[in-house]
Structure formats: C-alpha cells, structure tokens
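# A structural walkthrough
What follows is each chain in one-letter form.
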Amino acid sequence: MIVFTRAAKKLTGIIMCSQLIVGCDNDSDAKTQHTLNLNETNSSLAIFSERTLINTTAVNRQIDLLNESIALFLSEPTEENRVALGDSWTRSHGALVKSGTQPLSDELSAKHSSSLLYHADAWPIQPGYIDAIDGYPNSGIVNDITVSLSVESLRLQHGFSDADEIILGFHPLEYLIFAKTAIDYQLPEHKQQPDKTNISKAKGTGDEQTTSATLTTGFERPDEDPIYRRRKLIQLLGDALEESVSAYLATRLEKVPYAKFVGEDQQQAALAIANLIEVARSDSSQGFEESNLLLDSDQSHSMHSRTSHLNISQRLNNLSEMLNEPIWLSRSLARVDKNIEKDLQATLAEGMLIIEKNQFNESDGARLLTIFSALNHQLEDIQLKLFAAND
C-alpha cells in the first residue's frame, strides 16, 4: 500500500512538461496502420510469457536464499552476517521489482492480487509499529508482549486498524535488517566473544542506533524479552514473505491473459497487445510514484536500505525490455502509430541516460517524474488508438 501526500505543487508543472514531451501530432491518424502483424504479436507474447516464468522462478529462488541468510544470521549474529543478510534482501526485493506487479485479467483477480501484494511489498512502513524508536523505547510489536508471535497473528496485525500499520512483507524485514545492529539480535551465548563492529552505525540509515547490549530484566519469561521477540519476528517475516510472494506470483501466472497466443483475429491480437501495454503502464505508473518520493527520507521505497534508486532503474529497464529487445512490443506499437512510438522511444532513452548514475539528485528526481508521466501518457495514447482502430 503506497501513500502519497507530497509534491502537489510540483505536479502541475510536471504534467505541463510531460505534455510537451508527449507532444501533439495532428498527422498521427493519417499514418496509423490498423493491421497488426500476427507473427510479431505471437513472438512478443511467447517471449513475454517465457520471461515472466523465468523472473518468477528467480524471485522464489532469491527468497529461499534470503531465508537461508536469516537463519545464518540468527545462528551467528555478527555484523558481517548482517551485512550479508542485507545484500540478500536487496537481491530478493530487486528480483520482485524486476518481475513486475502486472495486472490480472478480471476485477476479482486484480483485487486478490492487490491483497497478496499488500502482504509482500507494502510501503512506506511506520517503524514505531514494528520496534522501539527514539523517544519510544517500548513501542512496536517487538515490545508488545500482548501480541503473540506467529505468522497467523502477524497477518491479523497487518493493517489491523489502518493500511499504514504494516508488519508483513519486504519492508518491515528491511527495517529490522538495516536499521538495527547485530547487537540487537545477540543472546547471552553470542556475547562470549564480542564483535567489535557491532558498535558501528547500522548500514543504510547513517543514524546511531539504540542497541540491546544485555537481555532486559523484569520479564516473567525469557521469550518476552525484546531480543528474543526481535529474533523470532525476523524469522517469521521471512517465512511469511515466502508464502505471500509465492501466492501472489502463482495467482498472476494462472491469470495472465497476455500469455495466450492469438489466432487470425485482429481483435484478439489488439487485445493481447493492449494487455502488454497495460503491463508497461504499470511500470511507468509505479516509477512515477517512486520518483515522487525518491528524496523523501520518510516515504521513499526501500528507504532503510538506501536502494530506492534501484527500484526506479529497474522500472525503466523493464520498460526497455518490453519495448525493445527481447520482447519487441515497439514493432506492434509502430504499426498502430509510428509517431507516438518514436516519441515513446525518445522519452525512454532520456530516462535510461539518467539511471546510468548510481544515485539520483533532486534535479534527476524531478526529471524522472516528468519522464514517467510522459511515458504513461504516450502508452495510454497508443492504447486508445489501438482500441479505436479495432472497434
């Protein structure tokens, strides 16, 4: 679940800029080709279907490795293993973004998919709902011993009274990995040979973190101590993530209408291409949303790992692979309207130049907003022309 509350004043200027990029082509209708090449359509569908399966398999594999890293870290909670766990988190989340969050064929399936995705990749989180934060040492589910820790109870707590109350998915896990140090997970037996690097700053946040050097006294049972509960929580989050992502990906694979080949019917071909365009529009919309909050330290996607820019880069890479090699949707789009397809490629190329940087500054973020907005408008325009040509 994504919440957007900022940049309202920017949007008017951004939309005006995006309209300049999209442009107004009065001669487009005269150059529209109403006939799709069925061989090209089927080729795009076949490659897209194959890559969807490959990307889905990659996500599941990376999450398996992530859970292995969690187990290793809990058995040996050192800073070295925490950093390795963070790297594994980044790879697994990146694999999900690469796989895309593609729409399903009907409203019921789409709602179900959205619910599953809310359990896997909801953001932004509220750290105080998860664990102690500065000024509130007893906040969060970690410190609330009235909340039992199990996958089932966490599902009940997820969005319990508000959509912002996020406890499941990649981002609570991200917070517990990157905003904490190894000391926060160390039991007494782990402190026989202290790891000096545990005193360092938590990777990603740049802020000094409050750590739990010893188990807190005053609890009736050891498993009520925040260290035990934090360790249990991070393990359960890995288990729940595997279930949620697997369910989401399986539902998407079962329902994808664009994986079916078309016959000799131009309307079937048009519908298939329109669905692929919708997948591309999904990436452009999410890229816009993520760019809008890129420089917001409290709201950006993957803020605790400082990898928000990687999500945006992957959105553009997804669009590039859809339009050009290997899927080559652009060949069908050019048959609908050559001018819009040309503008679309130019806009995409501008975005690809920006993401060659490892990090984005404020100017880059503003430009990316314009680019993603333009891409979405251009894709919508060509989608509408496709429908109009095949009425």
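## Here's the deal with the overall build of the chain
Broken down by element type, the chain carries 14 helices and 0 strands. In sequence order, the secondary structure elements of the chain are arranged as α-α-α-α-α-α-α-α-α-α-α-α-α-α. For the chain, contacts bridging at least 24 residues in sequence account for 80% of all contacts bridging at least 6. Accessible surface, the chain as shown: approximately 18,100 Å² in total, 52% of it carbon and sulfur.

## Re a negative patch on the surface
A contiguous patch of negative charge on the surface is contributed by Asp 64, Glu 68, Asp 239 and Glu 242. Of all the secondary-structure elements, those providing two or more residues to the negative patch are α3 (38–75) and α9 (226–255). Relative to the helices and strands, Asp 64 resides in helix α3.

## Describing the packing of α3 against helix α10 (residues 266–292)
At their nearest, the axes of α3 and α10 sit 10 Å apart, and the two run at 40° to each other. Relative to α10, the element α3 lies oblique. Taken as a pair, α3 and α10 cross one another with a handedness that is left-handed. Between α3 and α10, the residues in contact are Leu 38, Thr 41, Ser 44, Leu 45 and Phe 48 and Gln 266, Ala 269, Ala 272, Ile 273, Leu 276 and Val 279, respectively. Looking at the contact of α3 with α10, its residues break down into 8 nonpolar, 3 polar and no charged.

## Some remarks on the pattern of salt bridges
One pass over the full model with this rule turns up 11 salt bridges. Linking Asp 337 and Lys 385 is a salt bridge whose minimum nitrogen-to-oxygen distance equals 3.6 Å. Taken together, the residues Asp 337 in the loop between α12 (329–336) and α13 (338–354) and Lys 385 in helix α14 (residues 362–389) connect sequence positions 48 residues apart. A relative accessible area of 0% means that Asp 337 is categorised as buried. Salt bridges linked by common partners bring Arg 51, Lys 98 and Glu 321 together as one network.

## Here's the deal with unusual backbone geometry
The linkage connecting Trp 123 with the following residue, Pro 124, adopts the cis geometry, with an omega of -5°. By the element assignment, Pro 124 lies in the loop between α5 (107–121) and α6 (127–130). Backbone torsion omega between Glu 325 and Pro 326 reads 10°, so that peptide bond is classified as cis. Take Pro 326: it is sitting in the loop between α11 (308–323) and α12. We note that Ser 302 has phi near 60°; this positive angle belongs to a residue other than glycine. Here Ser 302 is to be found in the loop between α10 and α11. On the basis of relative accessible area, Ser 302 is assigned to the buried category, the value being 1%.

## As for the environment of Ala 270
In this structure, Ala 270 sits in helix α10. Classification of Ala 270 as buried rests on a relative accessible area of 3%. Along the backbone, Ala 270 and Phe 387 are 117 residues apart, and their C-alpha atoms lie at a distance of 7.1 Å.

## Observations regarding the environment of Lys 232
Mapped onto the elements of the fold, Lys 232 is located in helix α9. Counting along the chain gives 47 residues from Lys 232 to Tyr 185, while the straight-line C-alpha distance between them is 9.7 Å.

## Topic: the packing of α10 against α14
Following both chains from N to C, one finds α10 and α14 inclined at 160°, their axes separated by 9 Å at the closest point. Considering their axes alone, α10 and α14 lie roughly antiparallel with respect to each other. Between α10 and α14 the crossing geometry is left-handed. In terms of residue class, the contact of α10 with α14 is built from 14 nonpolar, 9 polar and 4 charged.

## Considering the side chain of Thr 251
Relative to the elements of secondary structure, Thr 251 occurs in helix α9. Using a relative accessible area of 11% as the deciding quantity, one classes Thr 251 as buried. There is a polar contact of 2.9 Å between the side chain of Thr 251 and the backbone oxygen of Ala 247.

## A look at the packing of aromatic side chains
A complete count under the given rule lists 3 aromatic pairs for this structure. Between Phe 73 and Tyr 185, the ring centres sit 5.1 Å apart and the planes meet at 70°, which makes this aromatic pair edge-to-face. Taken together, the residues span a long stretch of sequence, with Phe 73 in helix α3 and Tyr 185 in the loop between α8 (170–178) and α9 at a distance of 112 residues. Accessibility classification places Phe 73 together with Tyr 185 in one group, the buried group. By way of ring pairs, the aromatic residues Trp 89, Phe 170 and Phe 178 are connected into one cluster.

Scoring rules and cut-offs
Residues numbered from 1 in each chain as written. Predicted model: local features only at pLDDT ≥ 70, side-chain atom pairs only at ≥ 80, totals over all residues. Heavy atoms only, no water. Helix = DSSP H or I, 4+ residues; strand = E, 2+ residues; numbered from the N terminus. Contact = heavy atoms within 4.5 Å. Areas by Shrake-Rupley, 256 points an atom, 1.4 Å probe, with all protein chains shown as cover. Patch = residues over 30% accessible without salt bridge, like charges linked within 9 Å, V, L, I, M, F, W, Y side chains within 5 Å. Salt bridge = Lys/Arg side-chain N within 4 Å of Asp/Glu carboxyl O. Lys, Arg positive; Asp, Glu negative; His and termini not counted. Charge placed at Lys NZ, Arg CZ, Asp CG, Glu CD. Axes fitted to C-alpha atoms, helices over the stretch in contact; angles between N-to-C directions. Parallel < 35°, antiparallel > 145°, perpendicular 65-115°, else oblique. Left-handed = near helix turned anticlockwise from the far one by under 90°. Nonpolar A, V, L, I, M, F, W, Y, C, P; charged D, E, K, R; others polar. Buried < 20%, exposed > 50% of the residue type's maximum accessible area, 1.4 Å probe, protein only. Polar contact = N/O pair within 3.5 Å; in protein donor to acceptor, adjacent residues only side chain to side chain. Phe/Tyr/Trp six-rings, centres within 6.5 Å; stacked < 30°, edge-to-face > 60°.

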